[in-house]
Amino acid sequence: MSVEIRTVGRAPDPLEPGPLILGTPDDRQLNDELLGHVYRPGRAWILLFLLAAGGTSLLLLGVTVTLVVGIGAWGNNVPVAWAFGIINFVWWIGIGHAGTLISAILLLFQQKWRTSINRFAEAMTLFAVMQAGLFPLIHVGRPWFAYWLFPYPATLGVWPNFKSPLIWDVFAVSTYFTVSLLFWYLGLIPDLAALRDTSKGLLRRRVYGVFALGWRGSARAWRHYRIAYLLLAGLATPLVLSVHTIVSFDFAVAQLPGWHTTIFPPYFVAGAVFSGFAMVLTLVIPARKLLGLERVITMRHLETMTKVLLVTGLMVAYGYMMEHFIAWYSGNPYEQFVFLNRATGPYAPVYWLMIFCNVVLPQIFWFKQARTTVAVIWVASVLINVGMWCERFIIIVTSLHRDFLPSSWAIYKPTWVDWSILLGTMGFFSFLFLLFVRYLPAVAITEVKELRHELAAHGPSAGHDAVGVPLAEEESNA
Amino acid sequence: MSHAASTARSFVLAEFAGPDALFAAARQVRAAGHTALDAHMPYPVHGADEALGLKRSRVPLIALVGGLAGVVTAYLMAWWMNAVDYRINVAGRPFNALPAFVPIMFELGVLFASLAIFVGAILLFGLPRLHHPVFEVEEFRSASVDKFWLSVETSGETGRLREELQRAGASHVAVVEGEP
């Protein structure tokens, strides 16, 4: 046992969270630092970009094979007609939800710590929804007729069935993407103006200038801007809940044991937020190092997010518990069999991996040591995403592969095309994300400046949110 | 061209280090009788609306109208398509099934409201536009970074206004002419 004696700085108060902004930068300094990654990309960026481009070509390969050969190139067949296509759809769209939660719900709750990570998380939402949208599209079998999903005056004379959860999905996902894009772009406009005004080359000034739409930071515009931003947040909040609720209706409205349950909407939303926060952490931990954002994305941010993981993880655990309890309590033998089959059947390893990653693992975040050790957080966040993917696999595959009639039971195995599309979407997601951090501010600079202004106005005695803790001290804590 | 010449106005621009100095100067200039004021700030600061004498934003009304339009459109669409033009019997459920239409009514309400907010806000900003006279001043670039600018639009003499703003603590004063 060694006792650490701190001689520099004040003793950390366990009840006082760390600072949101390290040091005492002024607005110009913040501007230059937070845009640094746009002006001076590192060598790591090029390396990662090539890797992501490779992953994207894997996606192109998988999708091309699917288009040329057909859905037969995938592993799904009766009785498991839904497999990777829907697993990946639900997984990606769930990941996207944390972005909206951080940018909209935490804004309404006036959580100041959201400010440094909201832009980042919103971009994650957009790119994750793009991956998600791809799956139902190629899953329809003849993707060139995907527009049949929309109500348009067809020469066939038919209209979509508005009583079907699948058509609800079309509206929910397309609305979600559109609203996320508008929210993200509205937040970007002042930052694009800052880029326009501080970029060196004429081309850059012009391109950023066009996208900034001529923003002059006018008080007359800010007056509308603030209320528009707040209202979009207010709309995005119920929207994000509705999207995953509707995704869960795809299952819950069906009669299948293991799907037909009323707990699905809240349980899916909690799972979405859980996996989304895990993805934010997976991305933000390397990004804050590589992009030099440690001043505004501090240990306090990481620790707060691990607490969200713990809470939503417990909600997911409660969902699992209730599912199993209701299966037993209902007295329905089919329902009981499905849950027994999940834990002891051919897919039991996936089930137990899910339980480990989603229920057991997050419990480490009860301990401060785990919440403040970057390596532990990162590994846990990756494993939680694995766990959430396993959850969707278990829900979809185990309910389908052994249903009411034992003569039609089968084992589902994914093919290389399935895997290459899944890995490919990860590549394409990274590809888009890397382009984003190369050309756009990864942190909402305007909002960070506003936060700095607010914190400074309250003075250094404003408790836990005050700025002014030297950079070196926080580093020694980390 | 003659039209442009007749509407050309002068903009007196003054740079301040912080919002408080800006608001004080704005009040002073307003008291002197100028009404076409604007402040340019890197981030929104409380007190600007009051210092410049701005009214409440109309964005919430636009949002309400957009949202209601979305809800009504969705219901009418689902009702007409599924209960009138092409009836689909789904397990004997009513053709005009309001509860089953609720998800799409909600989604379309949110979609229309968001589009209305976005388009409405951009138009209320007076944007998009490729150019504005204030961009002629090179120093004005700091308005999006760390400085606070007051802009006074006038068709009259600018000499006294410049002096007044300088006395109010402006670190830089410039005059540009152009079409607002």
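Residues numbered from 1 in each chain as written. Chains lettered and ligands numbered in written order. Predicted model: local features only at pLDDT ≥ 70, side-chain atom pairs only at ≥ 80, totals over all residues.

(A) Structural view of the overall build of chain A. Of the regular secondary structure elements, chain A holds 16 helices and 0 strands. Radius of gyration (C-alpha) of chain A: 24 Å, near the 23 Å computed for a compact globule of 478 residues. Over its C-alpha atoms, taken along the principal directions, chain A stretches across nearly 70 × 65 × 40 Å. For chain A, the residues scored as buried account for 49% of the 478 residues in total. A sequence separation of at least 24 residues applies to 83% of the contacts in chain A between residues at least 6 apart. (Helix = DSSP H or I, 4+ residues; strand = E, 2+ residues; numbered from the N terminus. Rg over C-alpha atoms; globule rule 2.2 N^0.38 Å. Buried ≥ 20, exposed ≤ 12 C-beta atoms within 10 Å, placed from the backbone. Contact = placed C-beta atoms within 7 Å.)

(B) Layout of the packing of helix α7 (residues 219-252) of chain A against helix α8 (residues 264-290) of chain A. Residue and element names in this part refer to chain A. Put simply, α7 and α8 touch, their axes get as near as 8 Å, and they point 125° apart. Accordingly, the angle class assigned to the pair α7 and α8 is oblique. The way α7 lies across α8 gives a crossing that is right-handed. Contacts between α7 and α8 involve Leu241, His244, Thr245, Val247, Ser248, Phe251 and Ala252 from the first element and Phe264, Pro265, Phe268, Val269 and Ala272 from the second. The residue inventory of the contact of α7 with α8, partitioned by class, reads 9 nonpolar, 3 polar and no charged. (Axes fitted to C-alpha atoms, helices over the stretch in contact; angles between N-to-C directions. Parallel < 35°, antiparallel > 145°, perpendicular 65-115°, else oblique. Left-handed = near helix turned anticlockwise from the far one by under 90°. Nonpolar A, V, L, I, M, F, W, Y, C, P; charged D, E, K, R; others polar.)

(C) Representation of the pairing of strand β2 (residues 37-40) of chain B. Residue and element names in this part refer to chain B. Neither face of β2 is exposed, since Leu37 and Ala39 on one face and Asp38 and His40 on the opposite face are all buried. Taken together, the 4 bridges between β2 and strand β3 (residues 148-154) define a ladder with antiparallel strand orientation. Bridge pairing links aspartate 38 to serine 151 in β3. (Pairing = 2+ DSSP bridges.)

(D) Layout of the nonpolar core. Within the largest apolar cluster, 190 residues are counted, with the highest numbers of intra-cluster contacts made by A:Val280, B:Ile117 and B:Leu150. When residues in this core are grouped by element, the largest group, 18 residues, is from α7(A). Contact partners of A:Val280, with chain neighbours within four places excluded, come to A:Ala98, A:Ile117, A:Ala121, A:Met124 and A:Met305. (Core = buried A, V, L, I, M, F, W, Y, C linked by C-beta atoms within 7 Å.)

(E) Seen up close, the confidence of the model for chain B. Here chain B averages 85 in pLDDT, while 96% of its residues score no lower than 70. A low-confidence stretch, residues 1-5 of chain B stays under pLDDT 50, and its non-local contacts, those more than four residues away or across chains, total 1 contact. (pLDDT = per-residue confidence, 0-100.)

(F) Structural context of the sheet that holds strand β4 (residues 172-178) of chain B. Residues and elements named next belong to chain B. Read across the open sheet, the 4 strands follow the order β2-β3-β1-β4; overall the sheet is antiparallel. Each of the sheet's edge strands pairs with one partner strand only, and the pair in question is β2 and β4. Strand-to-strand, the axes of this sheet are offset by a mean angle of 20°, without reference to chain direction. Here helix α2 (residues 19-31) sits on the sheet in contact with β1 (9-16), β2 and β3, set at roughly 15° to β3.

(G) Local environment of the interface of chain B and chain A. Contacts between chain B and chain A engage 54 residues on the former and 50 residues on the latter. At the level of elements, β2, α3 (48-52), α4 (59-85) and α5 (98-125) of chain B are the ones that each hand at least two residues to the side of chain B that touches chain A. Ranked by residue count, the leading element in the side of chain B that touches chain A is α5(B), at 17 residues.

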